[in-house]
Amino acid sequence: SSLAQVEKRASMHGMHRCCLRKQEPPDRSIAGLKIPFALLCLWPAAAFAVRVSNDSQLELFDDVRETELWLVAVTAMVPLAISVVIAFLSICLCCIQKPRLRQWLLHSEILISLALIFSGTLTLALFGNWPSDFQVIAMRVIVDVYGMAIIHAAAASWLYFCEGVDLFSCTTQTQCTAFENDSDEGGHGTVSTN
(Lines give C-alpha, C1' and ligand atoms only; values in the text may rest on other atoms or scores of the structure.)
Protein backbone atom coordinates (compact mmCIF):
# COMPACT_ATOMS: atom_id res chain seq x y z
CA SER A 1 0.00 0.00 0.00
CA SER A 2 2.73 2.49 0.93
CA LEU A 3 4.79 1.26 -2.03
CA ALA A 4 1.86 2.05 -4.32
CA GLN A 5 1.63 5.56 -2.84
CA VAL A 6 5.37 6.10 -3.32
CA GLU A 7 5.12 4.91 -6.93
CA LYS A 8 2.11 7.18 -7.52
CA ARG A 9 3.95 10.18 -6.07
CA ALA A 10 7.05 9.38 -8.12
CA SER A 11 4.92 9.10 -11.22
CA MET A 12 3.22 12.41 -10.47
CA HIS A 13 6.58 14.04 -9.75
CA GLY A 14 7.88 12.72 -13.08
CA MET A 15 4.82 14.12 -14.85
CA HIS A 16 5.32 17.43 -13.09
CA ARG A 17 8.95 17.60 -14.24
CA CYS A 18 8.15 16.66 -17.85
CA CYS A 19 5.46 19.31 -18.03
CA LEU A 20 7.62 22.16 -16.78
CA ARG A 21 7.37 24.65 -19.56
CA LYS A 22 7.93 28.32 -19.18
CA GLN A 23 5.62 31.04 -20.39
CA GLU A 24 8.21 33.47 -21.74
CA PRO A 25 6.88 36.30 -23.89
CA PRO A 26 7.27 35.70 -27.66
CA ASP A 27 10.76 36.54 -28.87
CA ARG A 28 11.17 37.98 -32.37
CA SER A 29 14.95 37.98 -32.12
CA ILE A 30 15.05 34.23 -32.81
CA ALA A 31 13.39 34.79 -36.19
CA GLY A 32 15.71 37.73 -36.75
CA LEU A 33 18.72 35.49 -36.14
CA LYS A 34 17.44 32.81 -38.53
CA ILE A 35 17.18 35.22 -41.48
CA PRO A 36 20.93 35.81 -42.08
CA PHE A 37 21.78 32.16 -41.44
CA ALA A 38 19.08 30.98 -43.84
CA LEU A 39 20.24 33.43 -46.50
CA LEU A 40 23.84 32.28 -46.08
CA CYS A 41 22.71 28.67 -46.43
CA LEU A 42 20.48 29.38 -49.41
CA TRP A 43 23.17 30.63 -51.75
CA PRO A 44 25.16 27.34 -52.03
CA ALA A 45 21.94 25.48 -52.88
CA ALA A 46 21.12 28.17 -55.46
CA ALA A 47 24.67 27.97 -56.84
CA PHE A 48 24.26 24.21 -57.10
CA ALA A 49 21.02 24.66 -59.07
CA VAL A 50 22.68 27.21 -61.38
CA ARG A 51 25.62 24.87 -61.87
CA VAL A 52 23.28 22.00 -62.76
CA SER A 53 21.33 24.12 -65.23
CA ASN A 54 24.36 25.65 -66.98
CA ASP A 55 26.92 22.87 -66.94
CA SER A 56 27.96 21.40 -70.28
CA GLN A 57 28.87 18.15 -68.48
CA LEU A 58 25.18 17.38 -68.02
CA GLU A 59 25.07 16.15 -71.62
CA LEU A 60 27.50 13.42 -70.58
CA PHE A 61 25.29 12.31 -67.68
CA ASP A 62 22.59 9.74 -68.00
CA ASP A 63 19.02 10.69 -67.11
CA VAL A 64 19.25 9.11 -63.66
CA ARG A 65 22.26 11.20 -62.60
CA GLU A 66 20.71 14.38 -63.97
CA THR A 67 17.51 13.62 -62.05
CA GLU A 68 19.58 13.09 -58.88
CA LEU A 69 21.25 16.47 -59.30
CA TRP A 70 17.95 18.28 -59.79
CA LEU A 71 16.32 16.40 -56.93
CA VAL A 72 19.08 17.48 -54.56
CA ALA A 73 18.92 21.08 -55.79
CA VAL A 74 15.15 21.30 -55.33
CA THR A 75 14.99 19.50 -51.97
CA ALA A 76 17.65 21.84 -50.59
CA MET A 77 16.36 25.11 -52.02
CA VAL A 78 12.64 24.77 -51.29
CA PRO A 79 12.81 24.32 -47.48
CA LEU A 80 15.56 26.94 -47.19
CA ALA A 81 13.55 29.47 -49.21
CA ILE A 82 10.40 28.72 -47.21
CA SER A 83 12.34 29.15 -43.97
CA VAL A 84 13.49 32.62 -45.06
CA VAL A 85 9.90 33.65 -45.89
CA ILE A 86 8.54 32.26 -42.60
CA ALA A 87 11.33 33.95 -40.63
CA PHE A 88 10.41 37.31 -42.16
CA LEU A 89 6.72 36.72 -41.47
CA SER A 90 7.34 35.63 -37.88
CA ILE A 91 8.86 39.02 -37.10
CA CYS A 92 5.51 40.69 -37.79
CA LEU A 93 3.54 41.84 -34.79
CA CYS A 94 0.45 39.82 -35.80
CA CYS A 95 2.44 36.59 -35.54
CA ILE A 96 3.56 37.52 -32.05
CA GLN A 97 0.08 38.32 -30.76
CA LYS A 98 -1.97 35.41 -32.10
CA PRO A 99 -1.52 32.05 -30.33
CA ARG A 100 -2.72 30.09 -33.39
CA LEU A 101 0.01 31.69 -35.53
CA ARG A 102 2.61 30.82 -32.86
CA GLN A 103 1.36 27.24 -33.02
CA TRP A 104 1.65 27.21 -36.82
CA LEU A 105 5.15 28.63 -36.46
CA LEU A 106 6.02 25.72 -34.17
CA HIS A 107 4.64 23.27 -36.74
CA SER A 108 6.59 24.95 -39.55
CA GLU A 109 9.83 24.81 -37.53
CA ILE A 110 9.41 21.07 -37.03
CA LEU A 111 8.44 20.38 -40.65
CA ILE A 112 11.25 22.49 -42.09
CA SER A 113 13.75 20.81 -39.79
CA LEU A 114 12.59 17.38 -40.98
CA ALA A 115 12.65 18.48 -44.63
CA LEU A 116 16.21 19.75 -44.24
CA ILE A 117 17.32 16.52 -42.58
CA PHE A 118 15.78 14.62 -45.51
CA SER A 119 17.55 16.90 -48.01
CA GLY A 120 20.94 16.48 -46.34
CA THR A 121 20.55 12.72 -46.06
CA LEU A 122 19.46 12.45 -49.71
CA THR A 123 22.44 14.51 -50.85
CA LEU A 124 24.77 12.44 -48.68
CA ALA A 125 23.41 9.24 -50.20
CA LEU A 126 23.68 10.39 -53.82
CA PHE A 127 26.72 12.63 -54.21
CA GLY A 128 29.36 9.89 -54.18
CA ASN A 129 28.82 9.07 -57.87
CA TRP A 130 29.03 12.65 -59.11
CA PRO A 131 32.06 14.42 -60.63
CA SER A 132 34.34 16.12 -58.12
CA ASP A 133 33.27 19.68 -58.95
CA PHE A 134 29.66 18.77 -58.11
CA GLN A 135 30.79 16.96 -54.97
CA VAL A 136 32.47 20.09 -53.58
CA ILE A 137 29.27 22.12 -53.86
CA ALA A 138 27.22 19.18 -52.57
CA MET A 139 29.37 18.99 -49.43
CA ARG A 140 28.66 22.65 -48.71
CA VAL A 141 24.94 22.06 -49.28
CA ILE A 142 25.03 19.09 -46.87
CA VAL A 143 26.67 21.16 -44.13
CA ASP A 144 24.24 24.04 -44.65
CA VAL A 145 21.03 22.00 -44.64
CA TYR A 146 22.06 20.01 -41.56
CA GLY A 147 23.08 23.25 -39.81
CA MET A 148 19.75 24.90 -40.61
CA ALA A 149 17.92 21.74 -39.48
CA ILE A 150 19.60 22.13 -36.09
CA ILE A 151 18.68 25.83 -35.96
CA HIS A 152 15.03 25.07 -36.79
CA ALA A 153 14.91 22.25 -34.23
CA ALA A 154 16.32 24.64 -31.61
CA ALA A 155 13.72 27.26 -32.54
CA ALA A 156 10.96 24.65 -32.21
CA SER A 157 12.35 23.66 -28.83
CA TRP A 158 12.35 27.31 -27.75
CA LEU A 159 8.75 27.79 -28.85
CA TYR A 160 7.60 24.64 -27.06
CA PHE A 161 9.59 24.71 -23.82
CA CYS A 162 10.29 28.41 -23.26
CA GLU A 163 7.29 30.16 -24.77
CA GLY A 164 4.89 27.35 -23.87
CA VAL A 165 3.40 27.01 -27.36
CA ASP A 166 1.37 23.80 -27.52
CA LEU A 167 1.96 21.40 -30.37
CA PHE A 168 -1.67 20.38 -30.92
CA SER A 169 -3.94 21.66 -28.18
CA CYS A 170 -3.90 23.21 -24.73
CA THR A 171 -4.82 20.06 -22.79
CA THR A 172 -1.31 19.18 -21.64
CA GLN A 173 -0.54 22.67 -20.39
CA THR A 174 -3.91 22.75 -18.59
CA GLN A 175 -3.21 19.44 -16.89
CA CYS A 176 0.23 20.60 -15.82
CA THR A 177 -1.16 23.84 -14.44
CA ALA A 178 -3.82 21.91 -12.54
CA PHE A 179 -1.09 19.64 -11.12
CA GLU A 180 0.98 22.63 -10.00
CA ASN A 181 -2.05 24.33 -8.42
CA ASP A 182 -2.99 21.15 -6.56
CA SER A 183 0.59 20.71 -5.33
CA ASP A 184 0.74 24.31 -4.15
CA GLU A 185 -2.46 23.86 -2.15
CA GLY A 186 -0.91 21.02 -0.19
CA GLY A 187 -2.38 18.14 -2.17
CA HIS A 188 -0.41 15.08 -3.15
CA GLY A 189 -0.16 16.11 -6.78
CA THR A 190 -3.21 14.50 -8.26
CA VAL A 191 -3.88 15.60 -11.80
CA SER A 192 -7.23 17.12 -12.48
CA THR A 193 -8.53 16.85 -16.02
CA ASN A 194 -11.02 19.69 -15.79
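Everything below is about the structure shown above.
Residues numbered from 1 in each chain as written. Predicted model: local features only at pLDDT ≥ 70, side-chain atom pairs only at ≥ 80, totals over all residues. Heavy atoms only, no water.

Inspection of every chain in the model, using the stated rule, returns 4 salt bridges. Salt-bridge contacts for arginine 51 lead to aspartate 133; the nearest nitrogen and oxygen are separated by 2.2 Å. Placement of the pair is arginine 51 in helix H2 (residues 29–54) and aspartate 133 in helix H6 (residues 132–162), with a sequence separation of 82 residues. The partner of arginine 102 in a salt bridge is glutamate 163, and the shortest N-O contact between them spans 2.5 Å. You can see arginine 102 sitting in helix H5 (residues 99–126) and its partner glutamate 163 sitting in the loop between H6 and helix H7 (171–184), a full 61 residues away along the chain. Residues arginine 102 and glutamate 163 agree in their burial class; the two are buried. (Salt bridge = Lys/Arg side-chain N within 4 Å of Asp/Glu carboxyl O. Helix = DSSP H or I, 4+ residues; strand = E, 2+ residues; numbered from the N terminus. Buried < 20%, exposed > 50% of the residue type's maximum accessible area, 1.4 Å probe, protein only.)

Under the definition given, this model contains 3 aromatic pairs. When the ring of phenylalanine 48 is compared with that of phenylalanine 134, the centres are 6.2 Å apart and the planes differ by 85°; the resulting orientation is edge-to-face. Of this pair, phenylalanine 48 sits in helix H2 while phenylalanine 134 sits in helix H6; the two residues are 86 residues apart in sequence, bridging distant segments of the chain. Within the aromatic cluster, the residues linked to one another by ring pairs are Phe48, Trp130 and Phe134. Lying over the aromatic face of phenylalanine 134, arginine 51 brings its terminal NZ or CZ to 5.3 Å of the ring centre. (Phe/Tyr/Trp six-rings, centres within 6.5 Å; stacked < 30°, edge-to-face > 60°. Lys NZ or Arg CZ within 6 Å of the ring centre and 35° of its normal.)

Pairs of packed helices are described in terms of their axes, by the angle between the two and the distance that separates them. The interhelical angle for the contact between H2 and helix H3 (residues 63–90), taken along N-to-C directions, is 155°, at an axis separation of 8 Å. Relative to H3, the element H2 lies roughly antiparallel. In the packing of H2 onto H3, the handedness of the crossing is left-handed. Its residues assigned to classes, the contact of H2 with H3 comprises 22 nonpolar, 3 polar and 1 charged. (Axes fitted to C-alpha atoms, helices over the stretch in contact; angles between N-to-C directions. Parallel < 35°, antiparallel > 145°, perpendicular 65-115°, else oblique. Left-handed = near helix turned anticlockwise from the far one by under 90°. Nonpolar A, V, L, I, M, F, W, Y, C, P; charged D, E, K, R; others polar.)

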